[in-house]
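What follows is the residue order along each chain.
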2 protein chains.
Amino acid sequence: MRDFSSSIEWLSLNTATVRRQWTLPQIIDGCARHGIRAISPWRDQVADCGLKVASRSIRDTGLVLTGYCRGGMFTAADDDALSTALDDNYRAVDEACELGSPCLVLVVGALPGALEGRAAHRDIGRSRAQVVDGIARLLEYARPRKMPLAIEALHPMYAADRACVNTLEQALDICDALDPGATGALGVVVDLYHVWWDPKLQDQIRRAGARRLHAFHVCDWLTPTTDILLDRGMMGDGIIEIPKIRGWMEDAGYAGFSEVEIFSAGNWWQRPGDEVLATCIERHRTVV
Amino acid sequence: MRDFSSSIEWLSLNTATVRRQWTLPQIIDGCARHGIRAISPWRDQVADCGLKVASRSIRDTGLVLTGYCRGGMFTAADDDALSTALDDNYRAVDEACELGSPCLVLVVGALPGALEGRAAHRDIGRSRAQVVDGIARLLEYARPRKMPLAIEALHPMYAADRACVNTLEQALDICDALDPGATGALGVVVDLYHVWWDPKLQDQIRRAGARRLHAFHVCDWLTPTTDILLDRGMMGDGIIEIPKIRGWMEDAGYAGFSEVEIFSAGNWWQRPGDEVLATCIERHRTVV
């Protein structure tokens, strides 16, 4: 397994981690200051500063991307909304190409309206079918543009309102169905927060293999967890066996970055951005 | 599928639902008043009024049990604590026998100390091995006493601190390992709150079959969910397809009760007990 204790060569910063402190240009400057060489930006942050500005700034700083967050949200209550969602995903692929991202991360969506507390229906099977159909159609668009898609299985506690793909096994079943040759055009994100609990995790990481392991997101699971969305812990503050699972990734052939992604209403979003980056770097060395 | 719209013959009340309003004797009286013929009591409630009093009161009222909550919590940081936990489980089996319960429900435990925010270690694999060992040893005690054990898979959001068995598939793998003949001595609880999201749910219910489907707990999943422990919704207030999943249970041969179990810091625990029971009955008829 690669030794991360003396280098941050394989540290990437998911830009949500300091979204409350900084704009994307400020994040890019912060990464340059701290010697972080990779980021994974969010669409809203890119839109805020403009795609061309973001793209040029990333290139000028010498940063690489480890993903682009995010496409997906394929589910809807009617055909018009389905079609609008797909169009928006085409734009996300275009943006990911412009930014030089190695993949577009997909958070697939769940029961339409549930995120606003007004689910249009309860049929998660219908949502799951819409997701498979949506990914299939997006793949037709993304493949000729050479933009790999990466399905992110979300924790089952988000199954109703954010993503109805909830295990790595389920994500890989979709990969098998839509890209049986494992060409690399469709793969998965392994985000520790969402999958650490899974008794089949090691087997499914092995099953995915290097061709389908498109990204690795690190953080920690806190006990107690006090907020369902905004309590993603800093590495080392919780109970996830991060090095063990990173070892499983490497055994399966993954040789990419560890992307730090912390959401935290109560803690990390309250501190100065430079302090957050310094802690990410220190924990990456000592914990990851 | 059995029609529940005109009868509450198959409604059972998990006594946690009105634990804030009533003692166990008051719950038993309440059930008699409302025509509810089955309950599933908790150990602390039984202990509060005394095992003999509880047992006699249940028999005198003509109530039947659908389970006894709960054994489990097998995991520990050292051998002494493991042994103490096992002894306590033997007592739970004895009590379940005295009460005439059809099974002892097992919430298996997770990382020792995590519930108090001080996990003794992070090795969930070790906890899972302790759980299998604990169930194996408890089964040796329970089998000659003819007390079936029922493993309750808990939602993955409880994997760190309450139960490291988190899918029905995982629970059934344990059943296969410890009771390969499917004698009925070891089975599962299907609790909608914990398993509704699982893409393999229908397959695993079918796999379990009548011999291993020991109980069926109903409630609802609210969007948004505002508390990780105390926001189990009333049937009909959330997004679970209750009749569909009950149909899967019946197709697999389950012909028992639907046990209503609501935890709700914000709502149902604030209302008078009789109002809660009346709502459980109405929703059982119209939603379940």
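In case you missed it, the structure is sitting above this.
An account of the accompanying structure is given in this report. Note that the structure is a prediction, hence the values are computed from the model and not measured.

### Description of the relation of the copies chain B and chain A
Turning to step 1, where the next piece is worked out: Once chain B is rotated about the relating axis by 180 degrees and shifted along it by 0.0 Å, it coincides with chain A to within an RMSD of 0.0 Å. Seen this way, the second copy is the image of the first under a two-fold rotation axis.

### A closer look at the nonpolar core
Turning to step 1, where the next piece is worked out: By size, the foremost hydrophobic cluster in this structure holds 184 residues, and its most contacted members are Ile151 and Trp196 of chain A together with Ile135, Ile151 and Trp196 of chain B.
Turning to step 2, where the next piece is worked out: In contact with Ile135 of chain B, other than residues within four places in its own chain, are Phe74, Leu106, Val108, Leu149, Ile151, Ile174, Leu178 and Leu186 of chain B.

### With respect to helix 4 (residues 79–99) of chain A
Turning to step 1, where the next piece is worked out: For helix 4 of chain A, which comprises 21 residues, the first-to-last C-alpha distance of 30 Å matches the rise-based estimate of 30 Å (1.5 Å per residue) to within 8%.
Turning to step 2, where the next piece is worked out: Within helix 4 of chain A, the full set of buried residues consists of Ala85, Leu86, Asn89, Tyr90, Ala92, Val93, Glu95, Ala96 and Leu99 of chain A.

### Observations concerning the interface of chain B and chain A
Turning to step 1, where the next piece is worked out: Contacts between the two partners involve 33 residues from chain B, matched on the other side by 33 residues from chain A.
Turning to step 2, where the next piece is worked out: Between chain B and chain A, roughly 2,700 Å² of surface is buried when both sides are summed, and carbon and sulfur atoms account for 63% of that area.
Turning to step 3, where the next piece is worked out: Between the two partners, chain B and chain A, sit four salt bridges.
Turning to step 4, where the next piece is worked out: Where Lys200 of chain B meets Glu169 of chain A, a salt bridge forms, and the shortest distance between an N and an O atom there is 3.1 Å.
Turning to step 5, where the next piece is worked out: Seen at the junction of chain B and chain A, the total is eight residue pairs in polar contact (both at pLDDT 80 or more).
Turning to step 6, where the next piece is worked out: Taken together, the elements giving at least two residues each to the side of chain B that touches chain A come down to helix 5 (124–142) and helix 6 (168–178) of chain B.
Turning to step 7, where the next piece is worked out: Looking at the side of chain B that touches chain A residue by residue, the classes come out as 16 nonpolar, nine polar and eight charged.

### So, the packing of helix 5 of chain B against helix 6 of chain B
Residue and element names in this part refer to chain B.
Turning to step 1, where the next piece is worked out: Interaxial distance between helix 5 and helix 6 falls to 11 Å at its minimum, and their mutual angle equals 50 degrees. Here helix 5 lies oblique to helix 6, going by the angle between them. The two elements helix 5 and helix 6 cross, and the hand of that crossing is right-handed. For the pair formed by helix 5 and helix 6, the contact residues are Arg128, Val132, Ile135, Ala136 and Leu139 on the first element and Gln170, Ile174 and Leu178 on the second.
Turning to step 2, where the next piece is worked out: Residue classes in the contact of helix 5 with helix 6 are distributed as six nonpolar, one polar and one charged.

### Focus on the pairing of strand 8 (residues 213–218) of chain A
Residue and element names in this part refer to chain A.
Turning to step 1, where the next piece is worked out: With six of six residues buried, strand 8 is to be regarded as a mostly interior element.
Turning to step 2, where the next piece is worked out: The pairing of strand 7 (residues 186–191) with strand 8 spans four bridges and is classified as parallel. Looking at strand 8, one finds that Val190 is bridged to Phe216.

### Some details on the side chain of Glu241 of chain A
Turning to step 1, where the next piece is worked out: Topologically, Glu241 of chain A is positioned in the loop between strand 10 (232–233) and helix 9 (242–251).
Turning to step 2, where the next piece is worked out: What makes Glu241 of chain A buried here is its relative accessible area of 18%.

### Structural notes on the packing of helix 3 (residues 51–61) of chain B against helix 4 (residues 79–99) of chain B
Residues and elements named next belong to chain B.
Turning to step 1, where the next piece is worked out: Interaxial distance between helix 3 and helix 4 falls to 9 Å at its minimum, and their mutual angle equals 30 degrees. It follows from the interaxial angle that helix 3 and helix 4 lie roughly parallel. For the pair helix 3 and helix 4, contact is made by Leu51, Lys52, Ala54, Ser55, Ile58 and Arg59 and by Glu95, Cys97, Glu98 and Leu99, respectively.

Quick notes on the rules
Residues numbered from 1 in each chain as written. Chains lettered and ligands numbered in written order. Predicted model: local features only at pLDDT ≥ 70, side-chain atom pairs only at ≥ 80, totals over all residues. Heavy atoms only, no water. Least-squares fit on C-alpha atoms with pLDDT ≥ 70 in both. Core = buried A, V, L, I, M, F, W, Y, C linked by side-chain atoms within 4.5 Å. Buried < 20%, exposed > 50% of the residue type's maximum accessible area, 1.4 Å probe, protein only. Contact = heavy atoms within 4.5 Å. Helix = DSSP H or I, 4+ residues; strand = E, 2+ residues; numbered from the N terminus. Expected span 1.5 Å × (residues − 1). Buried area = accessible area lost by both parts, 1.4 Å probe. Salt bridge = Lys/Arg side-chain N within 4 Å of Asp/Glu carboxyl O. Polar contact = N/O pair within 3.5 Å; in protein donor to acceptor, adjacent residues only side chain to side chain. Nonpolar A, V, L, I, M, F, W, Y, C, P; charged D, E, K, R; others polar. Axes fitted to C-alpha atoms, helices over the stretch in contact; angles between N-to-C directions. Parallel < 35°, antiparallel > 145°, perpendicular 65-115°, else oblique. Left-handed = near helix turned anticlockwise from the far one by under 90°. Pairing = 2+ DSSP bridges.

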